[in-house]
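The primary structure of each chain is shown beneath.
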Amino acid sequence: MARTVLVLGAGMVGTCTALHLQQRGCEVVLVDRRAPGQETSYGNAGLIQREAVEPYAFPREAGFVLNAALGRGAEVNWHARGLWQMAGPLLRYFQHSHPEAHQRATQAYSRLIAHCTDEHGLLIDAAGAQDLVRREGFRFVFRTAQAWDEAVQRAARLHTQFGVRYQAEDTAQLAQAEPALRLPLAGALHWLDPWAVQNPGVLVQRYADLLVARGGRVVRGDAHTLQAQGAGWSVHTHEGRCEAAQVVLALGPWADEFIRPLGYRLPLFLKRGYHQHYRSPATLNQPLLDAERGYVLAPMQQGLRLTTGAEFAPLSAPPTPVQLAKAEALAREWLALGEAMPEPPWLGARPCTADMLPVMGPAPRHPGLWFNFGHAHQGFTLGPVAGRLLAEMILGETPWVDPAPFLPQRLM
Ligand SMILES: Cc1cc2nc3c(=O)[nH]c(=O)nc-3n(C[C@H](O)[C@H](O)[C@H](O)COP(=O)(O)OP(=O)(O)OC[C@H]3O[C@@H](n4cnc5c(N)ncnc54)[C@H](O)[C@@H]3O)c2cc1C
C-alpha cells in the first residue's frame, strides 16, 4: 500500500516536495490555509538563479554597515524591535559571513544551485508551464566603473570555480541590449544561465495542478491543528482530519512559530521585502538588478515588478515601505517606470538561517516529522531541488546531494 505523507505549506518548497514524494509512489496531501503559491512564492522577483552559487552573506564593508545603520540608501531598512528580536541569529549570521565560513557554505550551497534549472525544467515541462518562463538570463547593472570591474572579476572567478556563464557588457553593449535605459550606465553583467518566471505564484499553482492531475490532494487547512497521533501525525483540514505517519513542515517564514513549541530554537530570522507593479511604457528585455542600490526590476504579466532588498522587522509588524519609495525614485532616474498600479505594496519575508543554508531533514526529536524551510533569497530557485532531496531522505533512498550540511541538528 502507498504510504501517505502530509506536506504543510503549499509554497514553492512544499509543492515541489509533494511532487517528488508522489513521483516516488507516496499518496500526498498538500495542506495550506490559502491556495498554492499565494505568499512568499508569489511575491518574489521570479528568478531561477543558476548564478547564485554563493549564498547571500552579511555585507561586512564598513560603509555599507554605516549606511544601513543610519537608514541611508535603499538596500536595508530595520525596525528596532526586529533587530532586538533577531539579535542572536543576526550575530551568528555576521559570524558565518566571515570569508572562510562563507566559503564552506558556498561549497554546500553551490551543489544545490547547480541543479536548479534542470530540476525546474522537468517540472515546467510536465506542468505545461513553458509559457511562464524565459530562459535568457538576467542582468546586474552598475552605475560606477569600479563596481563593474569588481563584479566582472568576481564573475570570472565564479565561472572558473562553478562553471557559471556570464557576459560582461560595457555602456554601449548594455544600451543596445536594453534600449529602454535612459541613462548611460557603467556596464552590466549578463548572467546567461538563470531563468525568469513572469508570474511566480502561477508557476506554483501549475505545479500544484500537476500534483492533483497525478492523483494528489491539495486541501485548505491550518497547520496549527497538527497533532501527534499514535505513531504518526494528524491535521484538521476543510475536508476533515488527515492522518499520516510522516509530515513535512514547509512553512517558509512561518516555520519558526511551529517548531518553537516543539522545543526547537534554531537561529532563524527574516528579511522582509516589498514589491510594487508599474504600468511601464518602457519594456525591459530581461530582469535587472541595480547592483549598487539593491533592488530588482522584473517584467511580469502584471506589469513591471520592482522588488526591494532586506527589511529587518517582525513578520507581523505593520508595513513600512520606505525602501520601495527610495528604489522607485532610483529606478525613475534611468527608466520610464510609469504609474504604480493602484494596489497596496506587497509585503513578504525571506526565511533565513544564520549559516545561510536551508534546513532540510528529519526533526531530531520527533519521529515522522521533517523540516524543509529556510531557503532565504533563493527559495523559489531551490524548491524542486529541496523537494527532491527531502523526498529521497524520507523514502530512505541515497540522496543525490550530500544532505549533511543541511540537517537541522547542525544549528542546535
Ligand atoms: C522581495 C523578495 C524577492 C525574492 N526574489 C526571489 C527570486 O527572484 N528568486 C528566488 O529564488 N527567491 C526569491 N525570493 C525568496 C523566495 O521567494 C522564498 O525563499 C520562497 O518563496 C520561500 O518558499 P517557501 O515555500 O518556503 O515559503 P512560502 O512561499 O511562503 O510558502 C509557505 C506556505 O505556508 C503557508 N502557511 C503559513 N502558515 C500556515 C498555517 N498556519 N497553516 C497552513 N499553511 C500555512 C503559507 O500560506 C504559504 O503558502 C524573494 C523573496 C522576497 C521577499
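I will try to describe carefully the structure that is included in this document. All figures in this text were calculated on a predicted structure; none of them were measured in a lab. (Residues numbered from 1 in each chain as written. Predicted model: local features only at pLDDT ≥ 70, side-chain atom pairs only at ≥ 80, totals over all residues. Heavy atoms only, no water.)

1. What about the packing of aromatic side chains?
- Going through the model one piece at a time under the given rule, you end up with nine aromatic pairs.
- Look at Phe58 and Phe94: their rings are 5.3 Å apart centre to centre, the planes differ by 90°, and that puts the pair in the edge-to-face class. In this pair, Phe58 is assigned in the loop between strand E3 (47-48) and helix H3 (62-69) and Phe94 in helix H5 (residues 87-96), connecting sequence segments 36 residues apart.
- Exposure remark for Phe94: the relative accessible area of 33% places this residue in the partly exposed category.
- Between the aromatic rings of Tyr264 and Phe371, the centroid separation amounts to 5.4 Å while the plane-to-plane angle is 90°, which identifies the pairing as edge-to-face. (Phe/Tyr/Trp six-rings, centres within 6.5 Å; stacked < 30°, edge-to-face > 60°. Helix = DSSP H or I, 4+ residues; strand = E, 2+ residues; numbered from the N terminus. Buried < 20%, exposed > 50% of the residue type's maximum accessible area, 1.4 Å probe, protein only.)

2. Structural notes on the sheet that holds strand E14 (residues 246-249)
- The six strands are arranged E10-E2-E1-E14-E23-E22 in an open sheet whose pairing can be described as mixed. Pairing within the sheet leaves two strands with one partner each, and these edge strands are strand E10 (217-220) and strand E22 (359-362). Strand-to-strand twist of the sheet, defined as the mean angle between neighbouring strand axes without regard to direction, takes the value 20°.
- Bridge analysis of strand E1 (residues 4-8) against E14 gives four bridges, and the strand direction is parallel. Paired with Leu6 across the strands is Val247, a residue of E14.
- Sheet strands in contact with helix H13 (residues 379-394) are E14, E22 and strand E23 (369-373), and its direction is about 165° off that of E23. (Pairing = 2+ DSSP bridges. Axes fitted to C-alpha atoms, helices over the stretch in contact; angles between N-to-C directions. Contact = heavy atoms within 4.5 Å.)

3. Some thoughts on the nonpolar core
- Grouped together as the largest cluster of nonpolar side chains are 70 residues, with contacts concentrated most on Leu21, Leu203, Tyr207 and Val248.
- A total of nine residues in this core trace back to one element, the largest contributor, which is H13.
- Residues in contact with Leu203, not counting those within four places in the same chain, are Met12, His120, Ile124, Ala129, Leu132, Val197 and Phe380.
- In this structure, Leu8, Leu226, Cys242 and Phe371 belong to the second largest nonpolar core, which totals 27 residues. (Core = buried A, V, L, I, M, F, W, Y, C linked by side-chain atoms within 4.5 Å.)

4. Some details on the site of the ligand
- Around the ligand, a shell composed of 33 residues is seen, among which Asp32, Thr40, Ser41, Ala376 and Thr381 lie nearest.
- Within the contact set of the ligand, an oxygen atom lies 3.0 Å away from a backbone nitrogen or oxygen of Gly379.
- Thr381 has a polar side-chain atom sitting 2.7 Å from an oxygen atom of the ligand.
- Considering the ligand on its own, with 1000 Å² of exposed area, one finds that the protein chains cover 99% of that surface.
- Elements supplying a minimum of two residues to the shell around the ligand: helix H1 (12-23), helix H2 (40-43), strand E21 (346-353) and H13.
- Top element by residues in the shell around the ligand is H13. It accounts for three residues.
- Looking at the shell around the ligand residue by residue, the classes come out as 14 nonpolar, 14 polar and five charged. (Near = heavy atom within 4 Å. Polar contact = N/O pair within 3.5 Å; in protein donor to acceptor, adjacent residues only side chain to side chain. Areas by Shrake-Rupley, 256 points an atom, 1.4 Å probe, with all protein chains shown as cover. Nonpolar A, V, L, I, M, F, W, Y, C, P; charged D, E, K, R; others polar.)

5. Comments concerning the side chain of Asn44
- With respect to the helices, strands and loops of the structure, Asn44 is situated in the loop between H2 and E3.
- At 3.3 Å, the side chain of Asn44 and the backbone oxygen of Ser41 are in polar contact.
- When sequence neighbours within four positions are dropped, the list of residues in contact with Asn44 reads Pro200, Met300, Arg305, Thr307, Trp346 and Phe380.

6. Details of the pairing of strand E13 (residues 240-244)
- Pairing analysis gives five bridges linking strand E12 (residues 232-237) to E13, with the strands arranged antiparallel. Directly across from Thr237, in E13, lies its bridge partner Gly240.
- The turn linking E12 back onto E13 is made up of two residues.

7. Quick notes on the pattern of salt bridges
- With the rule as written, the count across this model stands at 20 salt bridges.
- For Glu239, the salt bridge identified is with Arg217, shortest N-O distance 3.1 Å. With Glu239 in the loop between E12 and E13 and Arg217 in strand E10, the pair connects residues that are 22 residues apart, well separated along the chain.
- Sharing partners across several salt bridges, the network here consists of Arg24, Glu119, Arg388, Glu392 and Glu397. (Salt bridge = Lys/Arg side-chain N within 4 Å of Asp/Glu carboxyl O.)

8. Digging into empty space enclosed by the protein
- Taken as a whole, this structure holds two cavities of 30 Å³ or more when the rule is applied.
- Of the voids in this model, the largest cavity is the one considered here, and its volume is about 90 Å³.
- Lining the largest cavity, in full, are Pro55, Tyr56, Tyr93, Tyr109, Phe269, Lys271, Cys352, Thr353, Met356, Ala376, His377 and Gln378.
- Taken together, the residues of the lining of the largest cavity sort by class into eight nonpolar, three polar and one charged.
- Here the second largest cavity defines a volume of roughly 60 Å³.
- Looking at the second largest cavity, the residues that line it are Arg134, Glu136, Gly137, Ala196, Gln198, Asn285, Gln286, Pro287 and Pro299.
- Of the residues belonging to the lining of the second largest cavity, the class tally is three nonpolar, four polar and two charged. (1 Å grid on protein atoms, 1.4 Å probe; cavity = no way out; pocket = protein on both sides within 12 Å on 5 of 7 lines; lining within 4 Å. Points joined across faces, edges and corners; volume = space filled by probe spheres on them.)

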